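Summary of the model geometry
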Amino acid sequence: MSKIALVTGGSRGIGAAISVALKEAGYTVAANYAGNDEAAAKFTAETGIKTYKWSVADYDACAAGIAQVEADLGPVSVLVNNAGITRDAMFHRMTRQQWQEVMDTNLNGLFNMTHPLWTGMRDRKFGRVINISSINGQKGQAGQANYSAAKAGDLGFTKALAQEGARAGITVNAICPGYIGTEMVMAVPEKVRESIIAQIPVGRLGEATEIARCVVFLASDDAGFITGSTISANGGQFVV
Ligand SMILES: NC(=O)c1ccc[n+]([C@@H]2O[C@H](COP(=O)([O-])OP(=O)(O)OC[C@H]3O[C@@H](n4cnc5c(N)ncnc54)[C@H](OP(=O)(O)O)[C@@H]3O)[C@@H](O)[C@H]2O)c1
């Protein structure tokens, strides 16, 4: 079985931690990204992990990008759908563009990336699809009707596809991170960050490596009986 893993949004933030953890676990990793060439080049220089630029919002670009990764490295057996964006606004101010951009990346991106890989995984009778959703897809969040809807959609996609993949040796699972101390969260004013932490029972932000370890477990043979599941990694902030 090939040990090739493809991580979308794998050059920064949580995705970068996932790429590195999979590499450390013995996978050959391809990290996709959207446009930040500087961050991608720095990531490759630091980790030796190859990066590939395309938008997960574009089906044809995904098919072409995946074909390139497989030509370079071999068949992909682990797909981590991590790429995600926010376009926050209260609903009465939300534009169609803000709605559409989030849907295109955070929900349609899962179709665009998984569909071109699905037949190969079925033929090889093995696959791991791991979708990074969010606590806000589970509980909803004011100012994020677009993001919460897309992330909840990711969970429905996970559960349905798990049932289709089961007989073909493909597991499909989701992880819902709570607030993780990525650049984005660390950049908010300290007072806002403190108010976020006050809502987290364990009393701290999560670390990207804690999400990455969940991914490595779900990708492993040890997790072969787990499919259609959601791991909530949120410090107790929302208990499903
Ligand atoms: N941070 C949190 O606290 C948190 C909590 C819950 C869930 N999540 C979810 O975890 C995932 C990672 O979040 P993060 O905070 O690590 O994000 P981040 O630091 O903003 O990094 C996002 C990554 O996704 C890539 N990306 C964005 N749009 C893309 C597109 N259309 N096509 C391909 N790649 C794209 C970016 O590429 P460029 O570098 O080229 O921009 C970047 O590599 C997201 O799905 C997010 O919704 C995060």
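Residues numbered from 1 in each chain as written. Predicted model: local features only at pLDDT ≥ 70, side-chain atom pairs only at ≥ 80, totals over all residues. Heavy atoms only, no water.

Going by what an unreviewed UniProt entry lists, the protein is known as Acetoacetyl-CoA reductase and is assigned to Rhodobacter ferrooxidans. According to the UniProt record, the Sequence similarities (unreviewed entry) comment for the protein is "Belongs to the short-chain dehydrogenases/reductases (SDR) family." (UniProt positions renumbered as here; feature names shortened; annotations may be inferred.)

In terms of nonpolar packing, the biggest core is built from 26 residues, with Ile18, Leu22, Val80, Ile130, Ile132, Ile175 and Val215 touching the most fellow members. Among the elements of the structure, β1 (4–7), α1 (13–24), β2 (28–33), β4 (78–81), β5 (127–132) and α9 (208–219) are those that each provide at least two residues to this core. Looking at which element gives the most residues to this core, the answer is α9, with 7 residues. The residues touching Ile130, leaving out its near neighbours within four places in the chain, are Val78, Leu79, Val80, Asn81, Asn173, Ile175, Val215, Leu218 and Ala219. (Core = buried A, V, L, I, M, F, W, Y, C linked by side-chain atoms within 4.5 Å. Buried < 20%, exposed > 50% of the residue type's maximum accessible area, 1.4 Å probe, protein only. Helix = DSSP H or I, 4+ residues; strand = E, 2+ residues; numbered from the N terminus. Contact = heavy atoms within 4.5 Å.)

Within this structure, the stated rule accounts for 5 salt bridges. Here Lys53 and Asp37 are joined by a salt bridge, their closest N and O atoms 3.1 Å apart. In this pair, Lys53 is assigned in strand β3 (residues 50–53) and Asp37 in helix α2 (residues 37–47), connecting sequence segments 16 residues apart. Classification of Lys53 as partly exposed rests on a relative accessible area of 47%. The residue Asp72 makes a salt bridge to Lys50 at a minimum N-O spacing of 3.3 Å. (Salt bridge = Lys/Arg side-chain N within 4 Å of Asp/Glu carboxyl O.)

A separate point is the site of the ligand. Neighbouring the ligand are 29 residues; Arg12, Gly35, Asn36, Asn82 and Tyr147 lie closest to it. Contacts to the ligand include Val56, whose backbone N or O atom sits 2.9 Å from a nitrogen atom. Within the complex, the protein chains bury 90% of what would otherwise be the 910 Å² of accessible surface of the ligand. Judged by the proximity of its atoms to the pocket grid, the ligand belongs to the largest pocket. (Near = heavy atom within 4 Å. Polar contact = N/O pair within 3.5 Å; in protein donor to acceptor, adjacent residues only side chain to side chain. Areas by Shrake-Rupley, 256 points an atom, 1.4 Å probe, with all protein chains shown as cover. 1 Å grid on protein atoms, 1.4 Å probe; cavity = no way out; pocket = protein on both sides within 12 Å on 5 of 7 lines; lining within 4 Å. Sits in = over half its atoms within 2 Å of the grid points.)

Here the focus is helix α6 (residues 145–165). Over its 21 residues, α6 runs 30 Å from end to end, which matches the ideal 30 Å to within 8%, given 1.5 Å per residue. Looking at α6, one finds that the buried residues are Asn146, Tyr147, Ser148, Ala150, Lys151, Asp154, Leu155, Thr158, Leu161, Ala162 and Gly165. Where α6 is buried, its residues meet α4 (96–124), β5, α5 (135–139), β6 (170–177) and β7 (230–233). (Expected span 1.5 Å × (residues − 1).)

In this section: the UniProt feature "domain: Ketoreductase" (unreviewed entry) in the protein. According to UniProt, the feature "domain: Ketoreductase" (unreviewed entry) maps to residues 3–178 in the numbering used here. A distance of 29 Å separates the end C-alpha atoms of residues 3–178, which is 53% helix and 18% strand.

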